[in-house]
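# Coordinate inspection notes
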Amino acid sequence: MIRTALAITAALLSTAAVSAADLIIPTSPEPIYEAGGVSWEGLYVGARAGGQWFTAATYGVVGGVVGFNFMPADHVVLGAEATADYTWNNVRQGGEYFVNIRGGFLASEAVLIYALGGLGVYNSSDRTVGIFQLGGGAEFALTDAVSIRGEVVGQGDYANNNSPFFDTAKATVGVAYHF
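A quick note: this is a predicted structure, and the numbers were derived from the prediction, not measured. (Residues numbered from 1 in each chain as written. Predicted model: local features only at pLDDT ≥ 70, side-chain atom pairs only at ≥ 80, totals over all residues. Heavy atoms only, no water.)

### Re the pairing of strand β4 (residues 93–108)
- The pairing of strand β3 (residues 76–88) with β4 spans 13 bridges and is classified as antiparallel. If you follow W88 over to β4, its bridge partner there is Q93.
- The pairing of β4 with strand β5 (residues 111–124) spans 14 bridges and is antiparallel. Within β5, the position partnered with G95 by the bridge is N123.
- Turn length for the β4-β5 hairpin, with the two strands adjacent in sequence and antiparallel, is two residues. (Pairing = 2+ DSSP bridges. Helix = DSSP H or I, 4+ residues; strand = E, 2+ residues; numbered from the N terminus.)

### A closer look at the pattern of salt bridges
- One pass over the structure, following the stated rule, counts ten salt bridges.
- R149 is paired through a salt bridge with E151; the nearest N and O atoms lie 3.7 Å apart. In terms of burial, R149 and E151 fall into one category: buried.
- Within this structure, R48, E81, D85, E96, R102, E139, R149, E151 and K170 form a network of salt bridges that share partners. (Salt bridge = Lys/Arg side-chain N within 4 Å of Asp/Glu carboxyl O. Buried < 20%, exposed > 50% of the residue type's maximum accessible area, 1.4 Å probe, protein only.)

### A few points about the packing of aromatic side chains
- This structure, assessed with the given rule, holds six aromatic pairs.
- Here F132 and Y158 contribute two aromatic rings whose centre-to-centre distance is 5.5 Å and whose plane-to-plane angle is 45°, an arrangement assigned as tilted. One end of the pair, F132, is in strand β6 (residues 128–141); the other, Y158, is in the loop between β7 (146–157) and β8 (168–178), with 26 residues separating them in the sequence.
- Taking 5.0 Å as the distance between ring centres and 75° as the angle between the ring planes, the aromatic pair formed by Y177 and F179 counts as edge-to-face.
- Through a chain of ring-to-ring contacts, three or more aromatic side chains come together here, namely F132, Y158, F165 and F166.
- Directly above the ring of Y114 sits R102, whose terminal nitrogen or CZ lies 4.4 Å from the centroid. (Phe/Tyr/Trp six-rings, centres within 6.5 Å; stacked < 30°, edge-to-face > 60°. Lys NZ or Arg CZ within 6 Å of the ring centre and 35° of its normal.)

Laid out in structure tokens, this is it:
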């Protein structure tokens, strides 16, 4: 009987020892990994300034941009944006309003090279004209939320069939905040 009691006691003690091994709590938590760097996806808003050249006249340009980007594949950025620019010189002033599409390629994590095309309207006190633009630019991420960009576009209108494809050229530099 003593042997049976000792065998049962030994079995119970060995089960308790094995269960106690499960009670060890790690002393440091597992690290949390987050993706770092710039995300080109999402909503952005910005301001820009530059110049516009129309035959012999030069215009100042100041305006804004709001847009949205998404990345359908690695290094490929597609987006849509709206721009509004105020243009002026010593003779005429007006506004240009565009809806654009952009397609770009990430040359590095912080550098986006893109092409742009859009349809819009030019409006001044004496006329309103439907216009289009084609061009491109480069955008550089300064932080994960702020970028700067430079852009050059050629613009044309639908009013005059005898004019060249591009009537004007516009160059702007700007800054954008990405949400």
